[in-house]
Amino acid sequence: MTQIILFILVVGVFYWIFRGYSHNQAHVYSKNQFRSFILSKESLMQSELGLFVALVAKVAKADGRVDELEAELVGNMFNDISALFPDPQGTKQLLKEIFDIEKQRDDNLETVAQQLYHVLQNDTLKRQKMLEFLVNLTYIDGVLSHSEETMLRRIASILRFHDDHLSQMMERFGSFHRHSVKESSISQAYALLGITPDVSDDALKKAYRALVREHHPDIIKAQGASDEYLKAATEKVQEINAAYEMIKKTRGI
């Protein structure tokens, strides 16, 4: 009798673990999810990742322009997302086209956000990670503009997140800026980028781009990561960007 009870308990434990594992996997993107995807601009735009890219475009352009670091992060995001699809190069090109179109539109923010909510209404974690990524994007250069904050609040509301929830996110990401490398010395800036002061401007930019690529906040990885993932990535990229900007200013670039 004791053995039977023990067996039932063991089976129950394994079932509980399996259910928890399956539940977590539902929030993680994989190639299997898109292996039968019929690629076109229309189908990609209506997918959750295409809709997300459209929102990224609008947030990136919210302050009037897409700066150098934002462009780097967006390019890396294209690589991350397109790698999930059977045709990465074709997907990347279409993502760029979606981004370029949507960053110029200011008449459909609510529509795109509502479509994304409709697709992900049963997956709160994905919606939260996407919102965190958008907040991260606005703070990545260390400055949150009024237009960026206004847009974030509109998106958060449509994605069914309370204003206080968004404010907590912004406070977490914004706190990193106060401890950035901007107050460090120029020698520390060069050291952080792993280069010496005698390198060329081209070598400087190459080192910068390589570090941003290595440490950029990956929305795909973030789906299965802890809440600390995007925060840590944000802090590191902010440090890299601050060092790069300091060196560029010193060189008169």
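Residues numbered from 1 in each chain as written. Predicted model: local features only at pLDDT ≥ 70, side-chain atom pairs only at ≥ 80, totals over all residues. Heavy atoms only, no water.

Notes on the layout of surface pockets
Our working definition: Definitions used for this entry: grid spacing 1 Å over protein atoms alone; cavity, a set of points where a 1.4 Å probe fits but cannot get out; pocket, an open set with protein on both sides within 12 Å along at least 5 of 7 lines; lining residue, one with an atom within 4 Å of a point. Grid points are joined across faces, edges and corners, and a volume is the space filled by probe spheres set on the points. Numbering of helices and strands runs from the N terminus; a helix is a DSSP stretch of H or I covering at least four residues, while a strand is a stretch of E covering at least two. The residue classification treats Ala, Val, Leu, Ile, Met, Phe, Trp, Tyr, Cys and Pro as nonpolar and Asp, Glu, Lys and Arg as charged. All others, Gly included, are polar.
Size it by volume and the largest pocket reaches roughly 190 Å³. A71, V74, G75, F78 and K96 are, among the 15 residues lining the largest pocket, the residues nearest its centre. Mapped by element, the contributors of at least two residues to the lining of the largest pocket are helix 5 (68-82), helix 6 (88-102) and helix 12 (201-215). With seven residues, helix 5 is the largest single contributor of residues to the lining of the largest pocket. Its residues placed into classes, the lining of the largest pocket shows five nonpolar, three polar and seven charged.

Thoughts on the side chain of K248
Quick note on the threshold: Contacts between residues were defined by any pair of non-hydrogen atoms, one from each residue, lying within 4.5 Å.
With respect to the element layout, K248 can be found in helix 14 (residues 228-251). Setting aside residues up to four positions removed in sequence, K248 forms contacts with E68 and I253.

Points about the packing of aromatic side chains
Using the following cut-off: Geometry of aromatic contacts follows a simple scheme: Phe, Tyr and Trp rings, the Trp one being its six-membered ring, pair when their centres are within 6.5 Å, and the pair is stacked under 30 degrees between planes, edge-to-face over 60, tilted otherwise. A 1.4 Å probe rolled over the protein chains alone gives each residue an accessible area, and that area as a share of the maximum for its type sets the label: buried under 20%, exposed over 50%, partly exposed in between. Two limits define a charge over a ring: the Lys NZ or Arg CZ must be within 6 Å of the ring centre, and within 35 degrees of the ring normal.
According to the stated counting rule, one finds seven aromatic pairs in the structure shown. Ring centres 6.3 Å apart and planes at 65° place the aromatic pair F34 and F37 in the edge-to-face group. Aromatic side chains Y208 and Y244 sit 3.7 Å apart centroid to centroid with 10° between the ring planes, which places their arrangement in the stacked category. One end of the pair, Y208, is in helix 12; the other, Y244, is in helix 14, and 36 residues separate them in sequence. For the residue pair Y208 and Y244, the accessibility class agrees, reading buried in each case. In textbook terms, an aromatic cluster arises when at least three aromatic residues are bridged by ring pairs, as seen for Y29, F34, F37 and F85. A cation sits over an aromatic face here: R160 above Y117, 4.1 Å from the ring centre.

Description of helix 12
Turn by turn, an α-helix covers 3.6 residues, leaving residues three or four places apart pointing in a common direction. Our working definition: For a helix, the expected span equals 1.5 Å multiplied by the residue count minus one. What the arc covers is the set of directions going from the helix axis to the C-beta atoms.
For helix 12, with 15 residues, the first-to-last C-alpha span of 21 Å sits near the 21 Å given by 1.5 Å per residue. Those residues of helix 12 not exposed but buried are L204, A207, Y208, L211 and V212. Across the axial projection of helix 12, the buried residues extend over an arc of 130°, all falling on one side. Opposite the packed face of helix 12, turned more than 90 degrees from it, sit the exposed residues D202, K206 and E214.

So, helix 9 (residues 146-158)
Compared with an ideal rise of 1.5 Å per residue, which puts 13 residues at 18 Å, helix 9 spans 19 Å between its outermost C-alpha atoms and is within 8% of the ideal. Along helix 9, the residues classified as buried are E148, M151, L152, I155, A156 and I158. Along the axis of helix 9, the buried positions cluster into a sector of 160°, meaning they face one direction only. Immediately beyond the C-terminal end of helix 9, within one or two residues, lies R160, with a positive phi of roughly 70°.

Comments concerning the pattern of salt bridges
Under the convention used in this document: When a carboxyl oxygen of Asp or Glu lies within 4 Å of a side-chain nitrogen of Lys or Arg, that pair is called a salt bridge.
Scanning all chains against the criterion turns up 14 salt bridges. Salt-bridge contacts for K205 lead to E68; the nearest nitrogen and oxygen are separated by 3.9 Å. Taken as a pair, K205 in helix 12 and E68 in helix 5 lie far apart in primary sequence, 137 residues in all. Exposure remark for K205: the relative accessible area of 37% places this residue in the partly exposed category. Measuring nitrogen to oxygen at the nearest pair gives 2.4 Å for the salt bridge that ties R154 to E110.

Here we look at the environment of I38
Here I38 lies in the loop between helix 2 (31-34) and helix 3 (41-46). Residues I38 and D87 lie 49 residues apart in sequence; the distance between their C-alpha atoms is 9.9 Å.

Structural notes on the side chain of T138
Structurally, the position occupied by T138 is in helix 8 (residues 124-139). According to the relative accessible area criterion, T138 is buried, its value standing at 1%. If near-sequence neighbours (up to four positions away) are discounted, T138 is found in contact with V59, V143, L144, E148 and L152.

Section: the nonpolar core
To keep things clear, this is the line we draw: Each nonpolar core is a collection of buried residues, namely Ala, Val, Leu, Ile, Met, Phe, Trp, Tyr and Cys, held together in the definition by side-chain atoms within 4.5 Å.
Among the nonpolar cores identified, the biggest contains 72 residues, and L49, V56, M77, I81, I155 and L193 are the most heavily contacted of them. For this core, the element with the highest residue contribution is helix 4 (residues 48-60), accounting for 10 residues. In contact with I155, other than residues within four places in its own chain, are L55, V59, L109, L131 and L134.

Purely geometric numbers; function is a separate question.
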